[in-house]
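Survey of secondary and tertiary structure
This is what each chain is made of:
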Amino acid sequence: MTVEANELEFDYSKYGFRQEENYVFKSGKGLSEDVVRELSMMKGEPEWMLKRRLQALAIFYKKPTPLDGAWGNPDLAALNYDDIHYFVRAGDKPATDWDAVPEEIKNTFERLGIPEAERKFLAGVGAQYESEVVYHSLREEWSKLGVIFLDTDTALKEQPEMFKQYFGTIIPSADNKYAALNTAVWSGGSFVYVPKGVHVDIPLQAYFRINAENMGQFERTLIIIDEGASAHYIEGCTAPQYSTNSLHSAVVEIVVKKGGKFRYTTIQNWANNIFNLVTKRAVAYEDASMEWVDGNIGSKLTMKYPSVYLMGRGARGEVLSVAYAGKGQHQDAGAKMVHNAPDTTSVITNKSVSKGGGKTTYRGLVKVHPGATGSKINVNCDALILDDKSRSDTIPYIEVEEANVTLAHEATVGRIGEEQLFYLMSRGISKAEALSMIVLGFMEPFTRELPMEYAVELNRLIQLEMEGSVG
Amino acid sequence: MSSELVIKNLHANIGDKEILKGVNLTVKPGTIHAIMGPNGSGKSTLSNTIMGHPSYTVTAGEVWYKGQNILELEVDQRAKLGMFLAFQYPVSIPGVTVANFMRAAVNGHRAVEGKDTRETQIPMPQFRKEIREKMAALGVDEAFARRYLNDGFSGGEKKRIEILQMSMLKPSMAIMDETDSGLDIDALKVVSQGVNVLVQANSEMGVLVITHYQRLLNYIKPHVVSVMMEGRIVREGGPELALELEERGYDFIREEVFGNGN
């Protein structure tokens, strides 16, 4: 593989970063078999994983960019695959320091009052150290219960059998172009295993671990909740995640076995030059329960439809999501629920807010296969549009091949009510505050499901976003 | 600085339709002033226009209060000047609890431009104590503090919450828009009592009571009664005018003002 010297320069210019690099390795721009081989070799991966990566790469090349059709989006035309670094490994010391963080993001941090640990992470070495301490102490508590919580690369080494048993079984490479891409170049992510009957009652927070490991653009997460076990995993945080790369494409695979309960909470707040194309899927077996709590605030374009395959009698799936699209943003998000067994239940609640020319799309699928008798489905989509420049679309696909099913679907689209605004202002509340109260109130069914500190952060973030919307 | 509310030649449209056709009215401090009139006479338009509802366009006239033509002020600035509108149909705001809303309103009133809100806002213990007391006085269950504002409230509950807001915000000029509509007699008494307590506490407070029926005026006793018809004030008198209207209806005034066959 030949790499031109100038290609080794990571393009920090648009954020005014200084050229300080300590990367041990960085691939040139663009994707090739060589890049994938190099990456796999650097990670010291087993042969089967390299094979898997190369197969996936072939699929990625073969599949066209989904610009149209049921799950396509013409906005993807702006994505240039050749202009992306697919693998960057930071050195032993973080390459960024607090001074190098873009001013705009620093200001947001200041105003949000983001937890110290996180700021220190961005600030450099000390923070990484501290984050790891926190992470390790939590890890010990969990591991006593037999819980495994590792970054995915380490899991491949330490848990090879379980890894091989489940990896790519929920979301095969051929599922879609971006799942194939992720499989080819994945790096980082979380691996969680909760043994039979173990209840992890504090949320597993990826953010400590990710801080310690450095966030990947193509992270791969694999979670297995064994029979009768329960856990809650939280990924990301409401702080803005900036990146010089323009593509984030993760894959999250989850198995919830008989009687297990799992909730996966995400709040993404990518910088708004990022294409955020994520495939998230869970299978839930008999009497299992799977909940996706999914918040999308940032990115240029997000396409994400967390899904639950209900595979055993009495399984239950839920997706509760909010999307907030400001200027130049398109949040194309929703859910997929596939009923494959009798007496299964699914609930989809989607709330979206668009302002300043932003666009939200709810796109969802409910599929009931023959034999899934007694299934209950409830879909609720509410969109709030804050001005004339913004828009919202609802695209629900409903395919029911079973007669004995209860299905309720409701969709509303509203504008900020003049009456509501007048009412609040007539009580001495300023227009800006009144607007954010209405928006936060609208999102409240989502926010109340978050742990307190996340809810507070999300609310503050929305308030900041809303400040500029008066006029 | 006069705390009289002076309305001069007020004209207002909704869309292209003129509803207020030159209203002249003065509400003196320490006065309860009733405006009565048949449906469609423009009473609610008047109250909404004074407060600044965006659906109404003022085409002419002025409304002076405390030395300012308040028509030039934003709605929240009017509120901070001491104006309060008790709505006929309060809207619901899902996801916003009564307590949080109330606190934002109280803090909005306390906010001073250029000053950090952390300095001006009401301390939590004081806010809790005050809202508890007022809720008890108005017979509002404390559980309402955690409910979403007006969301699923009955007509009577909404009106009590309006008066609760009024007693928390202590306006110097309150406009009651058909507060009696949808109230049973017990609720009517509680609500009226709430208003009377405020009036007694502030001898300078002006109240504009807008009502179709005389019934409310048995409980909130007016000093002055004005009659509104077809977008204008057409009669002014003492409390006895309300009784006469109750007895004779509005037609006799219509005939006097507009003549037969109009």
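Scroll up to find the structure.
To keep things clear, this report deals only with the structure shown in the data block. (Residues numbered from 1 in each chain as written. Chains lettered and ligands numbered in written order. Predicted model: local features only at pLDDT ≥ 70, side-chain atom pairs only at ≥ 80, totals over all residues.)

**Looking at the pairing of strand β21 (residues 405-415) of chain A**
Residue and element names in this part refer to chain A. With respect to burial, β21 is a largely exposed element, only 0 of its 11 residues being buried. Bridge count for strand β19 (residues 375-385) against β21 is 11 bridges, and the pairing is parallel. In the strand pairing of β21, I377 is matched with L407. (Buried ≥ 20, exposed ≤ 12 C-beta atoms within 10 Å, placed from the backbone. Helix = DSSP H or I, 4+ residues; strand = E, 2+ residues; numbered from the N terminus. Pairing = 2+ DSSP bridges.)

**Topic: the interface of chain A and chain B**
Contacts between the two partners involve 20 residues from chain A and, on the opposite side, 22 residues from chain B. Sorting the residues of the side of chain A that touches chain B by element identifies α10 (418-425) and α11 (431-447) of chain A as the ones contributing at least two each. If you tally residues by element for the side of chain A that touches chain B, the top one is α11 of chain A, at 8 residues. (Contact = placed C-beta atoms within 7 Å.)

**As for the nonpolar core**
Counting residues in hydrophobic clusters, the biggest one holds 183 residues, and the most contacted among them are I254, V256, A284 and V439 of chain A together with I175 of chain B. Examining the composition of this core, we find that 9 residues originate from one element, α11 of chain A, more than from any other. (Core = buried A, V, L, I, M, F, W, Y, C linked by C-beta atoms within 7 Å.)

**A look at the sheet that holds strand β4 (residues 56-65) of chain B**
One open sheet accounts for 4 strands, arranged β2-β1-β4-β5 (chain B); its pairing is antiparallel. Here the strands that pair on one side only, and so sit at the sheet edges, are β2 (17-27) and β5 (68-69) of chain B.

**Observations regarding the sheet that holds strand β11 (residues 224-229) of chain B**
Residue and element names in this part refer to chain B. Overall, mixed pairing links the 6 strands, which are arranged β6-β9-β10-β3-β11-β12 in an open sheet. Bordering the open sheet on either side are β6 (83-86) and β12 (232-237), each of which pairs with just one other strand. In this sheet, adjacent strand axes meet at a mean angle of 20° when their direction is disregarded. Bridge count between strand β3 (residues 32-36) and strand β10 (residues 206-211): 5 bridges; the pairing is parallel. Bridged to A34 within β10 is V209. Strand contacts of helix α9 (residues 251-258): β11 and β12, with the helix running at about 70° to β11, the strand carrying the most contacts. (Axes fitted to C-alpha atoms, helices over the stretch in contact; angles between N-to-C directions.)

**Let's talk about the pairing of strand β18 (residues 359-368) of chain A**
Residue and element names in this part refer to chain A. In terms of burial, β18 is largely enclosed, as 8 of its 10 residues are buried. Alignment of β18 against strand β20 (residues 391-400), held across 10 bridges, turns out to be parallel. Paired with R363 across the bridge in β20 is I395.

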